[in-house]
Amino acid sequence: MAVDAEAQFHVLAVDDSLLDRKLIERLLKTSSFQVTTVDSGSKALEVLGLKEDQTSTPALSPEHNEIEVNLVITDYCMPGMTGYDLLKKIKESSSLKDIPVVIMSSENVPSRINRCLEEGAEEFFLKPVQLSDMRRLRPHILKGKHKEQQLHQEENSNTNHIIISSSNNNNMSNKRKAMDEEVLSERTRLRFSSSSLNVI
Amino acid sequence: MESSSLQRQLANLKKSLFDQGNLDEQFYQLEELQDDASPNFVEEVVTLFFRDSSRLVANIEQAIEKCPRDYGSLDALVHQLKDSASSIGAAKMMKDCTVFREYCEKRNSEGCLRSFQKVKKEHSTLRLKLENYFQLLRQVGPAEKATRSGK
């Protein structure tokens, strides 16, 4: 199933401030995303179909009571479950770990930023979030979908063609490696090149 | 027709908000997000801001008068106020909050009291100016909405 570049993606936005929720919702909608906003990490997990103490979603069909979420964008500083805690829960969940997560914060704290990136966050946005920041979301969603596709393709080629020429195999894994390296350098580049981030 | 004089007032008020440093470019971001789907977005956001900020100012007042003063809690409240202000581009409020936080960190009582007076003053000024701004906007009519003419 090819990914339609024009497809409307669904973003789950998490922030305890009503003002900030209103802002992020508008930013996302203006950038053609479908949006669901929640005011806490625990509500976010509910939407994602995960109870706080679970590590994997129950075996229900997607139509049941979950909605497909393509990206989670969350505030860092929230009472109860912080954005970092939410990030961890998502990355620890077998069913949710591939959903890209972006963290927002009003404070530029390099150790905080690094901590989040190390835990698997795709990006860190400094508040107030700008329209131009929204453009950085789609690549993360598409990259995730591309990986999914490649994974399926690899699985299919492994089961259907027992005798695989080694060069063919290498090409697939090289592609993924190149993509991973690209991702890594992109992440580093974005971390340091964002005009609003000053890494001291 | 009065509309051109109203338009002039509107433009002048907007210019003053920026020239005096009450607002910064973040406010333009809000205007960019306003459209037919969300025609009153800016005013809605500003209203939400003043709802938040009034509550925070009241809480800060309580925290400042508390004996003994808990500078940690006080700082946390001022931090929230500053974050709120940054969402609408209330530049002067942000600056005043930054100074306030510095005094909190140093546990400087005099400094905190002075800063708080400044923050309260800017809060009222900003509110007044923005109330006038939106009133004028309504009077001038939808054709004049969301322009960057005052830049």
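Residues numbered from 1 in each chain as written. Chains lettered and ligands numbered in written order. Predicted model: local features only at pLDDT ≥ 70, side-chain atom pairs only at ≥ 80, totals over all residues. Heavy atoms only, no water.

Labelled according to an unreviewed UniProt entry, chain B appears under the name Histidine-containing phosphotransfer protein, originating from Musa acuminata subsp. malaccensis.

By the naming in an unreviewed UniProt entry, chain A goes by Response regulatory domain-containing protein and is assigned to Musa acuminata subsp. malaccensis. Check the Function (unreviewed entry) section of the UniProt entry for chain A; it says "Functions as a response regulator involved in His-to-Asp phosphorelay signal transduction system. Phosphorylation of the Asp residue in the receiver domain activates the ability of the protein to promote the transcription of target genes. Type-A response regulators seem to act as negative regulators of the cytokinin signaling." Here chain A is described in UniProt, under the heading Sequence similarities (unreviewed entry), as follows: "Belongs to the ARR family. Type-A subfamily." (UniProt positions renumbered as here; feature names shortened; annotations may be inferred.)

> Outline the pattern of salt bridges, listing residues and values.
A side chain with one charge can pair with a side chain of the opposite charge if their charged atoms come near. All chains considered together, the criterion is met by 20 salt bridges over all chains. The partner of Lys127 of chain A in a salt bridge is Asp20 of chain A, with the nearest N and O atoms 2.8 Å apart. Placement of the pair is Lys127 of chain A in the loop between β5 (123-126) and α5 (131-134) and Asp20 of chain A in helix α1 (residues 18-30), with a sequence separation of 107 residues. With its nearest N and O atoms 3.4 Å apart, the salt bridge here joins Arg55 of chain B to Asp52 of chain B. Here Arg55 of chain B and its partner Asp52 of chain B are both found in helix α3 (residues 41-65), 3 residues apart, which amounts to about one turn of the helix. Looking at Arg55 of chain B, the relative accessible area reads 42%, which means it is partly exposed. A relative accessible area of 15% places Asp52 of chain B in the buried class. Counted as one network, the salt bridges with shared partners bring together Asp15, Asp20, Asp75 and Lys127 of chain A. (Salt bridge = Lys/Arg side-chain N within 4 Å of Asp/Glu carboxyl O. Helix = DSSP H or I, 4+ residues; strand = E, 2+ residues; numbered from the N terminus. Buried < 20%, exposed > 50% of the residue type's maximum accessible area, 1.4 Å probe, protein only.)

> Residues and numbers for the UniProt feature "modified residue: 4-aspartylphosphate" (unreviewed entry) in chain A, please.
All names here are of chain A. When the UniProt feature table is mapped onto this chain, "modified residue: 4-aspartylphosphate" (unreviewed entry) is found at Asp75. Tracing the sequence through the fold places Asp75 in strand β3 (residues 71-75). Those residues in contact with Asp75 that lie beyond four places of it in its chain are Val14, Asp15, Asp16, Gly83, Met104, Ser105 and Lys127. (Contact = heavy atoms within 4.5 Å.)

> Break down the side chain of Lys143 of chain A for me, with residues and values.
Tracing the backbone shows Lys143 of chain A in helix α6 (residues 137-160). At a separation of 3.4 Å, a polar atom in the side chain of Lys143 of chain A contacts the side chain of His140 of chain A. (Polar contact = N/O pair within 3.5 Å; in protein donor to acceptor, adjacent residues only side chain to side chain.)

> Let's hear about the nonpolar core: which residues, and what values?
Membership of the largest hydrophobic core comes to 64 residues, with the highest contact counts inside it found for Leu28 and Ile73 of chain A together with Phe100 and Leu130 of chain B. At 12 residues, the largest contribution of residues to this core is made by α3 of chain B. For Leu130 of chain B, the residues in contact, after removing those within four places along its chain, are Leu17, Leu23, Phe27, Val46 and Phe50 of chain B. The next biggest cluster of nonpolar side chains, apart from the first, holds 27 residues, and it includes Val47, Leu50, Cys116 and Leu117 of chain A. (Core = buried A, V, L, I, M, F, W, Y, C linked by side-chain atoms within 4.5 Å.)

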